[in-house]
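So the chains spell out like this:
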Amino acid sequence: MPREEQERDYLAGTQLEVDPNAFIQVVREAFRLEHNCQERQDIARVLGVDKSRISQIFGDPTKLKAESIQKLLSAIPSKIHRRRIIKAWVRECFGEGAEIAGTDALMGSMVSEKTIRRIDRYVRESRLPMAIQVAMEALDKTEDAIFSAQLLDRAFFINLRMDRPGEAMQIARMVTEKAREKGNLRREATGLYMRARILAGLMDIRPEELEPVFAEMQSLLGRAAPMPHPRPEFLLATRASVESLQDAVQVAFMERGQIPVDIQHLRKRLSSLAGEGKAKNTYQERFQSRLMRARIHLLLGETFKAQELIDHAFDSGGVQNLHGTEICGTFMGKILLRTEEAEVVASYLRGVIVNCQQTQDRYHERILQWDLARVECSMFPPSRPVV
């Protein structure tokens, strides 16, 4: 059958002729990049050993002792290459599962408050893949309604931060379906709240696509029972939180140029936020309020006031605000886009991108990369005149 008529399997993994993560390939690559050599006799010369010793090392890495690995590492100054060599050796000795997260279960059958705190600790430590794996395993092992809700909330927010909107949307759907089964209208509205947050982050979303989601949320909350007291330790939508999200979405559409900047509405919203700010009791609420005011001031072209508010926002809890550094850094980059030279902005954006990479904040890293691409594009040399 001609190749063009064969059914294409887009689920097939990439089949490489040589595994770039194999121990031999990793060692050769390290020596090639650091010493401009990769053949056995050249590697032996760098290490000060006989070529036959390199043949032994490459012949069966599983029989190597730690002293032999240390000898290899002694000639490699780069920490990145040293780590890759160690990982490749461990992989050769103990198999693929030793290096790839998610191949084995991470927890037993017991799900408790300690499980929830452990997931939160993983998030604080920027170990997001570990956090999401534990959350999903625990979800399969508990019938407790409160634990289940807490785990779903965490899985949702972790997937958002990892810039996995498809996985986050699956969690939002699970929240909605579970709540509908139990007749919990407020929690059902919470699933739709999650849905709206994800949709708002999609760059190709249109305002009319979100309108029915917000309408359904408001309808559910209008028929829902009053907020329980004391308030449970999982996410529950309220009229105030839905209205706040609607305002944030409208500002986002203005920032993207999808709808006109409504100066009168923004001024009115600023006055409302300033009044509400005095009643905010938690540092998270103060952070979000000041961040929104900063976004509005930037839309109005008031960069000084926007910068002042973003500084105040960061001071509202500081590092206690999860990814507060990356959020404020991303917004500060947008201020600099209007106030500084392109080279200064590019340098700043790269610094914040590094922060996002270290904390695995993929969502804000993507936004920063878009801004960086635009800055770099603006620094291209002028087009050549058409001859």
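Quick note: structure is the one above.
Below you will find a few notes about this structure. (Residues numbered from 1 in each chain as written. Predicted model: local features only at pLDDT ≥ 70, side-chain atom pairs only at ≥ 80, totals over all residues. Heavy atoms only, no water.)

**Some words on the nonpolar core**
Soluble, globular proteins show a tendency: their nonpolar side chains are buried together. To keep it simple, the criterion reads: To define a nonpolar core, start from buried Ala, Val, Leu, Ile, Met, Phe, Trp, Tyr and Cys residues and group those joined through side-chain atoms within 4.5 Å. Partly exposed residues are those whose accessible area sits between 20% and 50% of the maximum for their type, while under 20% is buried and over 50% is exposed, using a 1.4 Å probe and protein chains only. Segments assigned H or I by DSSP are reported as helices when at least four residues long, segments assigned E as strands when at least two residues long, and all are numbered from the N terminus.
With 26 residues, the main nonpolar core has I119, A131, L151, F156, I158, I171 and I198 as its most contacted residues. Those elements that place two or more of their residues in this core are helix 6 (113-124), helix 7 (128-140), helix 8 (145-161), helix 9 (165-182) and helix 10 (185-200).

**Section: helix 2 (residues 40-47)**
Residue pairs spaced three or four apart in an α-helix point in one direction, given the helix's 3.6 residues per turn. Stated precisely, the cut-off is as follows: Each C-beta atom gives one direction from the helix axis, and the arc is the one those directions make. Here, residues are in contact when the closest pair of their heavy atoms is within 4.5 Å.
Those residues of helix 2 that fall on the buried side of the exposure criterion are I43, A44 and L47. Projected down its long axis, helix 2 carries its buried residues within an arc of 100°, all on one side. Its buried side turned inward, helix 2 meets helix 1 (23-35), helix 3 (51-59) and helix 4 (66-73).

**A word on the packing of aromatic side chains**
Ring pairs (aromatic) are described by centroid distance and by the angle formed between their planes. Heads up, the rule is: The aromatic pairing rule takes the rings of Phe, Tyr and Trp, using the six-membered ring of Trp, and pairs them if the centres are within 6.5 Å, calling planes under 30 degrees apart stacked, those over 60 edge-to-face and the rest tilted.
Under the counting rule described, the total for this entry stands at one aromatic pair. Between F156 and F157, the ring centres sit 5.0 Å apart and the planes meet at 70°, which makes this aromatic pair edge-to-face. Overall, the relative accessible area of 0% leaves F156 in the buried class.

**Quick word on the packing of helix 6 against helix 7**
Short version of the rule: Where helices are involved, their axes are fitted lines through C-alpha atoms of the stretch in contact, as for all axes, and angles between N-to-C directions lie from 0 to 180°. An angle counts as roughly parallel when it lies under 35 degrees, as roughly antiparallel when it exceeds 145, as roughly perpendicular when it falls between 65 and 115, and as oblique in every other case. Each crossing gets its handedness from the near helix: less than a right angle anticlockwise from the far helix is left-handed, clockwise is right-handed.
For the pair helix 6 and helix 7, the least separation of the axes is 8 Å and the interaxial angle reads 160°. On the basis of their axis angle, the class for helix 6 and helix 7 is roughly antiparallel. Once helix 6 is placed against helix 7, the crossing between them reads as left-handed. Residues T115, I119, Y122 and V123 of helix 6 lie in contact with helix 7, whose contacting residues are L128, M130, A131, V134, A135 and A138.

None of this, on its own, says anything about what the molecule does.
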